Amino acid sequence: MQVRMDHTIPAKGAAVGLFGGAAVDSDVHISVPSVKALLPYLNQYWRQQFLTRGIDRLSWNMTSDPPNAPITARPDRRPTSGRPGSDFSILKEKHLDVFGPSAAIANCIYGGAALHSEDMAAVVCTAVNDWIAAEWLDRDPRLRASIVVPLNNADLAAEEIERRAGDPRFVQVLMLAMGEQPLGKRAHWPIYAAANRHGLPIGVHAGSLYQHPALAGGYGSYFLEDYVAQAFGFESCVLSLVSEGVFAKFPDLKFVFMESGVTWLPAALWRFDKTWRGVRAEVPWVKVPPSQIVRDHIRLTLQPFDEPEGAGRLERFCEQMKSDEMVLFSTDFPHWHFEGEAALPISASSPLARKILWDNPRGTYPRLNALSPEIAA
Amino acid sequence: MSKSRFVVAKTGDVAPGTSLRVNAGGRDIALFNVSGEFFALGDRCPHESGSLCAGKIVGFAEADEPGKYRLVRDGEFVRCPWHGWEFDIRTGKSWCDPEKSRVRAYQTGVAAGSDLVEGPYVAETFKVSVEENYVVIEI
Amino acid sequence: MSIDVLEPQERRKSGGALQGLGVVDCDIHPQFSTPGEILEFLPERWRDYVRTYGGFYRQPLADTLSHPRMAPDVARADSWPPSGAPPGGDLAFMQKQHLDANNVEHGMLMPLNRGPGNQRNLEYGAALATAVNDWQIACWVERDPRLHASIVCTQEHTPFALAEIERCAPDKRFSQIMLPPKSLEPLGRRRYWPIFEAAQAFNLPIALHVGGINGYPPTGSGWPSYYIEEQHTNVQGMQGLITSMVIEGVFEQFPKLRMVLVEGGIAWAPPLKWRLDKHWKRLKSEAPHLKRLPSEYIRDHIWFTTQPLDEPPEDSDLLETFEQVGLDRIMFSTDYPHWDFDEPSFVAAKLRIGPEKLRAIMSGNARELYGLS
Ligand code: FES
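Only a predicted model underlies this, so the values are computations on that prediction, with no experimental measurement involved. (Residues numbered from 1 in each chain as written. Chains lettered and ligands numbered in written order. Predicted model: local features only at pLDDT ≥ 70, side-chain atom pairs only at ≥ 80, totals over all residues. Heavy atoms only, no water.)

S.K.: How would you explain the environment of Val-250 of chain C if you had to name every residue and give the values?
M.R.: Residue and element names in this part refer to chain C. As for its placement among the helices and strands, Val-250 is situated in helix α8 (residues 250-253). Residue Val-250 is classed as buried on the basis of its relative accessible area of 0%. Along the chain, Val-250 and Thr-305 lie 55 residues apart, while their C-alpha atoms are 21 Å from each other. When neighbours within four sequence positions are excluded, Val-250 is seen to be in contact with Gly-188, Trp-193, Phe-196, Met-245 and Leu-257. (Helix = DSSP H or I, 4+ residues; strand = E, 2+ residues; numbered from the N terminus. Buried < 20%, exposed > 50% of the residue type's maximum accessible area, 1.4 Å probe, protein only. Contact = heavy atoms within 4.5 Å.)

Put into structure tokens, the structure is as follows:
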């Protein structure tokens, strides 16, 4: 594809922001409205395959992301028709213009990445990324995006990263919390090597390929169970990434957990540190307590933040993690986790809020460094 | 406070690569023989007080990168019999938390029975015989 | 050279916070003294079956788990009895090393032996469950009345399970029903409700001890490589179990049901309650059968055991966590003779609470739940 190398950062004054200062929204959702929308981005062979097989008429909604569930879109952000997140004007007018972030990272969770045909999945991902660049990034200078990659073939995923890495508006690689193999497994390392080469964090979003049930006891009856279980999936990611030595192998790599719920992490690490003390000889490349590795390498986007309302858990999280650098502001637009504009559970003028809104995302995404705080001034 | 020296074992009581619990001055002490050198640690794990004497004597597992395993200093660590914390027999330091979790390490020495008979030693449980060598701990 | 095991009681300089308090240990693992011991309790047909085919599980290895443990028999290195029996396989040694030394007034047996509930041959599973139940009584409870048996059964075949529960429940030497948390479907599913109905009718708690084999990987993204990960999946397993039980509406249907989670840890429970409440509020329309907040069902119906004790860097975080769960829902356990055993005085020292609350956790809550003297 043709990469726009002349990309410039947002014009002055683009973002004053709801929070009275510069901000990055690290997780907003955009959505491919239909398979048909991807046809212009396919080559002749694939376009014909899609048309003759009726693939263009299929829905590639994901089981872990049902479009009509109340959680998937707040009523005021739901388009009158089509998938939530598929309408640019809603994102712009109801969200970007209201919250006024200097940058918002768009994540496209799409079933096409989960196809069993590794080639078709890869082709769809390439098409989705072209579509993101043309139909979203080109339309609003505040938007950034995650690179969508095929989740069943790490080599093809790495190729897609190489193809996209020249476009600075793609700021991370997108994976799901629950795939076929735990995220730390060496099978995934070609993805991490490619991301590492280009200074791209790995964004791990809630979601499942359903190669395995979300509950270890098997398949439950309700979407609610599986949604709650996303946090367990992330907990497994922590265990796997650290134990497999991903950060020993790629010391500069960062992972961003998106839509994880956040508050489960401290207790998970108490336990992980404890176990490590006794059994670390099994994984001798883990040389410091896992909590320290997590503090250095894993970030979490804010929404949804699991706490009883007003319970002060965000401050407690930072105390318990001994770090105020781990949480990145996000709204999870258009998902329905908060009312009105109450996306931040602490005062916007607090020092912690400045870290979460601006410093932490900038410290996480090297490609956001082109943004300067003056933009918001 | 002046230190006392206790005769705690005959050198032959603790074969190389093994440990023995001894008592000196009312304290439980784990005595280790690492290839002929003797080391004495408090026999009480700082975690939940497992007896280090019952722990396996092991080497230290290292890796420069994932999948590249290597064992070093074989026989110089003891794994607590309960939760497996590893202690450096030479220093009493726990590898995972050397600052906060360590056991007391005591000075040890070997002395000939003939010397002991005259020296300032406390031999609580031993009849010292001039023909043998003894492990002596300073407390 | 033989190492003479020094008993914990002797090691303690003082009783510490415990001050000689007796404890109820909610997790003790009895083991067969020899592999053949259980055969005496099986009918001839199943003795033959075991000799010819062994167990039959949903996993690649026939005789052992696929994540080798960090210690032989998952046991404390000092728990091998001099008699040559395996850890947990010699009552006299268990009495000396644990029951007497740690002042255990009541101990709940958690037989994990051969996993009757996870046997693919259901009839063998049922026969094995009966054998394990009879063995607990004959070899353990009859010989030491401090010990209490748990009714094991094959949850995958409802009539077999109900028959075994009905056979054992009237015998007061059984204090609870024990199910493997890894069943073929999440335990909250309706196929298991008759078992809950029976538990409620007999007023027996249901104990869920971590582990089991159901063919599914323990994480939503497949099999982890290492024991350090697999050990931790006890947590995700328990989280999933609670999620299933609560959201499927088990506690709405069986308002007197009481469940005990054994060896799954505790600190994860408050964040899970927050998560369940928050997202249930949004997705209520999918589970309208729930009349109360998920956290309220957990508060009322679920008991937790302490081992392996969560060890946050600050002890005060442990207490905060326990208080969020409810101090009346937490019961002491050791997991004897396993390697991650917790010592009573250690737990007491970490908790830093007054004597009354400490007594509740170390023994009172369990006495009340199980109706012990
Ligand atoms: S008692 Fe030694 S490691 Fe826990």
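Next comes the rest of the description.
S.K.: How would you summarise the interface of chain A and chain B if you had to cite specific residues and measurements?
M.R.: Taken together, the contacts link 15 residues of chain A with 18 residues of chain B. When chain A packs against chain B, the two sides together hide about 1,400 Å² of surface, and 56% of this comes from carbon and sulfur. Its largest share of buried area at the contact with chain B, chain A owes to Arg-277, Arg-280 and Trp-285 of chain A, together 45% of the area lost on that side. Joining chain A to chain B, the criterion identifies three salt bridges. In this structure, the salt-bridge partner of Glu-86 of chain B is Arg-280 of chain A, at a minimum N-O distance of 2.7 Å. Inspection of the chain A/chain B interface yields six residue pairs in polar contact (both at pLDDT 80 or more). If you list the elements that add at least two residues to the side of chain A that touches chain B, you get α7 (246-249) and α8 (265-279) of chain A. (Buried area = accessible area lost by both parts, 1.4 Å probe. Salt bridge = Lys/Arg side-chain N within 4 Å of Asp/Glu carboxyl O. Polar contact = N/O pair within 3.5 Å; in protein donor to acceptor, adjacent residues only side chain to side chain.)

S.K.: Explain the pairing of strand β1 (residues 5-10) of chain B to me, using residue names and the numbers behind them.
M.R.: All names here are of chain B. As paired strands, β1 and strand β9 (residues 121-122) are joined by two bridges and run parallel to one another. Looking across to β9, one finds that Arg-5 is bridged to Tyr-121. Pairing analysis gives five bridges linking β1 to strand β10 (residues 133-138), with the strands arranged antiparallel. Directly across from Val-7, in β10, lies its bridge partner Val-136. (Pairing = 2+ DSSP bridges.)

S.K.: Tell me about the nonpolar core, residues and numbers included.
M.R.: Among the nonpolar cores identified, the biggest contains 267 residues, and Tyr-192, Phe-255 and Phe-257 of chain A together with Phe-196 of chain C are the most heavily contacted of them. With 13 residues, the top contributor of residues to this core is helix α6 (residues 223-243) of chain A. Val-7, Val-14, Ile-29 and Leu-31 of chain B belong to the second-largest nonpolar core, a separate cluster that totals 20 residues. (Core = buried A, V, L, I, M, F, W, Y, C linked by side-chain atoms within 4.5 Å.)

S.K.: A description of the sheet that holds strand β8 (residues 330-331) of chain C should follow, citing residues and the corresponding values.
M.R.: Taken in spatial order, the eight strands line up as β1-β2-β3-β4-β5-β6-β7-β8 (chain C) in an open sheet, and their pairing is parallel. Each edge of the open sheet carries a strand with a single partner, namely β1 (23-28) and β8 of chain C.

S.K.: Describe the interface of chain A and chain C, listing the residues and the values that go with them.
M.R.: Contacts between the two partners involve 64 residues from chain A and, on the opposite side, 63 residues from chain C. Note on chain A versus chain C: buried area summed over both sides is about 5,600 Å², and carbon and sulfur give 59% of it. Interface area lost by chain A to chain C is led by Leu-224, Trp-270 and Arg-271 of chain A, which between them contribute 15%. Salt-bridge contacts for Asp-317 of chain C lead to Arg-316 of chain A; the nearest nitrogen and oxygen are separated by 2.8 Å. Counting every contact that joins chain A to chain C gives 24 residue pairs in polar contact (both at pLDDT 80 or more). Broken down by secondary-structure element, the contributors of at least two residues to the side of chain A that touches chain C are β4 (170-178), α6, α8 and α10 (313-321) of chain A. Per-element accounting of the side of chain A that touches chain C gives the leading share, 13 residues, to α6 of chain A. Considered class by class, the residues forming the side of chain A that touches chain C number 32 nonpolar, 17 polar and 15 charged. (Nonpolar A, V, L, I, M, F, W, Y, C, P; charged D, E, K, R; others polar.)

S.K.: How would you summarise the pattern of salt bridges if you had to cite specific residues and measurements?
M.R.: Residues and elements named next belong to chain A. As enumerated under the stated definition, the model contains 52 salt bridges over all chains in all. Salt-bridge contacts for Asp-56 lead to Lys-36; the nearest nitrogen and oxygen are separated by 3.2 Å. Highlighted residues: Asp-56 in the loop between α1 (44-52) and α2 (88-99) and Lys-36 in the loop between β1 (24-29) and α1, separated in sequence by 20 residues. Accessibility expressed as a relative area gives 8% for Asp-56, which makes it buried.

S.K.: Please set out the confidence of the model for chain C residue by residue, giving values where relevant.
M.R.: For any part of a model where pLDDT is low, the fine detail of the predicted coordinates should not be relied upon. Across chain C, the average pLDDT comes to 94, with 96% of residues at or above 70. Every residue in residues 1-14 of chain C scores below 50 in pLDDT, and together they form 33 contacts with partners more than four places removed in sequence or on other chains. (pLDDT = per-residue confidence, 0-100.)

S.K.: Could you give an account of helix α4 (residues 122-141) of chain C, with specific residues and numbers?
M.R.: All names here are of chain C. Compared with the 28 Å implied by 1.5 Å per residue over 20 residues, the 27 Å span of α4 between its first and last C-alpha is a close match. Buried residues dominate α4, accounting for 15 of its 20 residues. Its side-chain oxygen placed 3.1 Å from the backbone nitrogen of Glu-123, Asn-121 serves as the N-cap of α4. (Expected span 1.5 Å × (residues − 1).)

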